[in-house]
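Topology and contacts: notes
Chain residues, written in single-letter form:
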Amino acid sequence: MKKFLIVLAFASVSMATMAQDADPTLKYSVATNSFWSNWFIQAGANWNAWYSGQEHGQDLAISPIEKFRSNPGAAVAIGKWFTPGLGLRTKVQGIWGKNVTDDDNDYNCNKYWIAQEHILFNVSNLLLGYNPKRVWNFIPFVGGGVGRSMTNNFYATGLSAGILNEFRLSKHVALNLEAGWNRYEGDLDGNGRTALDNRGWDSHDNNLYAELGLTFNLGKATWEKTPDVDAIKSLAQSQIDALNAKLNDANGEIDRLNNLIKNHKCPEATQPTSVKELVATPVSVFFNLDKYNIASQKDLVNVKGIATYAKENNLGLKVDGYADSATGKAPHNQWLSEKRAETVANELVKMGVSRDKITTKGHGGVNELSPIQFNRRATVQVTE
């Protein structure tokens, strides 16, 4: 038995050393999903070996494939991941076991079941960062529960530990290789006799198993990256501040030129050329991901200046809507860009611009600006 445990531990360490290298771009924090997300069910078949408390001192062969101590079995489980690194599962396993009192294979069969609650630790995600496309996840677990010998109607409680290896086959399916150890009170194998020696690990019934199965992820099986809201706001605010500064410069230039006109120091003109050039520059209004309501009302400060100029000079306004091409399909992005243009056009009407002076156009998904969220916008521009 000691040799078997040493081999099992060595295999686990060797597998851990072969873990995939982490991609730094995939180390990100994730948003908390709803209670109904990240559930899974598992089903598998196993080979389980029994080391009964009643065999103490008999020096029986310890190989887990000896007929008098091993049998096939089955297992099912349901669980949930609460974070990419921490989960819980309820597992039931059993059917065919052994009551090892001697090496007589004909008279030591024991039908049983074990129901347990396990705490799962996804070491791959905890140490290497969450990666939804990682092929191999290394998941130790610990827990405990209750078992019953159906053959002799005995109950027992105990603890368990093991290693679950998941190999990704698709977003919703994974192949399982699991090795575990269940250490239970002496009644689990159907023999209620007290062990000859209550000292040592063989004073309890011990069940070692190796299992092959499948995991089926239910519903939403991934975790979304948490957006850096502060960074997005900072970038958007910097552009707003720049536009406000440009508008203030334009207003100052208008006042200067108007004073020149009043003092007859300038040829007759309705508006300075520099102002026309300025207001001809598109003004941007920004939107949140997959939304067509304006993200910040501060954007409309610049739009109002353009609207006022257009009304005073009987000019038209052109509104162009955009979406970012990195998210969403092309038909949806086209619809979204048109809705964003229409939203800004409605705001211009509220500012007193005649609707027949406004033209709108949606350009679908684009990748013109960086960072990518700046592409989620509509622009307003004066036309002749």
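Along each chain, numbering runs from 1 in the same order as the chain's sequence is written. Given that this is a predicted model, residues contribute local features only at a pLDDT of at least 70 and side-chain atom pairs are listed and counted only at 80 or more, while totals for whole chains, interfaces and linings are drawn from all residues. Think of the side-chain values as coming from all heavy atoms in the structure, minus any hydrogens and water.

Attention now goes to the sheet that holds strand 12 (residues 377-383). Strand pairing requires that DSSP identify at least two bridges connecting the strands. Runs of H or I in DSSP of at least four residues are treated as helices and runs of E of at least two as strands, each being numbered from the N terminus. If you trace the four strands from one edge of the open sheet to the other, you get 9-12-10-11, paired in mixed fashion. Each edge of the open sheet is held by one strand with a lone partner, namely strand 9 (283-286) and strand 11 (358-366). Neighbouring strand axes in the sheet, compared pairwise and without regard to direction, differ in orientation by 20 degrees on average. With six bridges joining them, strand 10 (residues 316-324) and strand 12 adopt antiparallel strand pairing. Paired with Lys318 across the strands is Gln381, a residue of strand 12. Every angle, taken between N-to-C directions, lies between 0 and 180 degrees, and every axis is a line fitted to C-alpha atoms, over only the stretch in contact when it is a helix.

Of note, Phe287 is situated in the loop between strand 9 and helix 5 (299-312). Looking at Phe287, the relative accessible area reads 4%, which means it is buried. Residues Phe287 and Ala323, 36 residues apart in the sequence, show an inter-C-alpha distance of 9.0 Å. It only takes one pair of heavy atoms within 4.5 Å for two residues to be counted as in contact. Setting aside chain neighbours within four positions, we find Phe287 in contact with Tyr292, Asn293, Ile294, Ala295, Arg340, Thr343, Val344, Arg376, Arg377 and Ala378. Buried means the residue's accessible area, taken with a 1.4 Å probe over protein chains only, is under 20% of the maximum for its type, while exposed means over 50%, and partly exposed covers the values in between.

Once that is clear, we can look at the sheet that holds strand 7 (residues 173-184). Around the barrel, eight strands lie side by side as 1-2-3-4-5-6-7-8; this closed barrel has antiparallel pairing. Each neighbouring strand pair of the sheet contributes to a mean axis angle of 25 degrees, computed without reference to strand direction.

Quick look at the confidence of the model for the chain now. pLDDT: the predictor's confidence for each residue, scored from 0 to 100. Put simply, the chain has an average pLDDT of 83, and 80% of its residues get 70 or more. Confidence drops under a pLDDT of 50 for residues 195-199, and excluding neighbours within four residues, the segment shows six contacts in the predicted structure.

Let's shift gears to the packing of aromatic side chains. Two rings from Phe, Tyr or Trp (for Trp, the six-membered ring) form a pair when their centres are within 6.5 Å of each other. A pair whose planes differ by under 30 degrees is stacked, one over 60 is edge-to-face, and the rest are tilted. What the rule picks out here adds up to eight aromatic pairs. Here Phe35 and Trp36 contribute two aromatic rings whose centre-to-centre distance is 4.9 Å and whose plane-to-plane angle is 85 degrees, an arrangement assigned as edge-to-face. Overall, Trp36 belongs to the exposed group, its relative accessible area being 69%. Consider the rings of Trp136 and Phe167, whose centres lie 6.2 Å apart with planes at 5 degrees: the pair is stacked. Of this pair, Trp136 sits in strand 5 (residues 136-149) while Phe167 sits in strand 6 (residues 154-168), and the two are 31 residues apart along the sequence. For Trp136, a relative accessible area of 11% corresponds to the buried category. A relative accessible area of 24% places Phe167 in the partly exposed class. Taken together through their ring pairs, the aromatic side chains of Phe35, Trp36 and Trp39 make up a single cluster. The rule for a charge over a ring is simple: NZ of Lys or CZ of Arg within 6 Å of the ring centre, and within 35 degrees of the ring normal. Taking the ring centre of Tyr322 as reference, the NZ or CZ of Arg377 above it sits at 4.2 Å.

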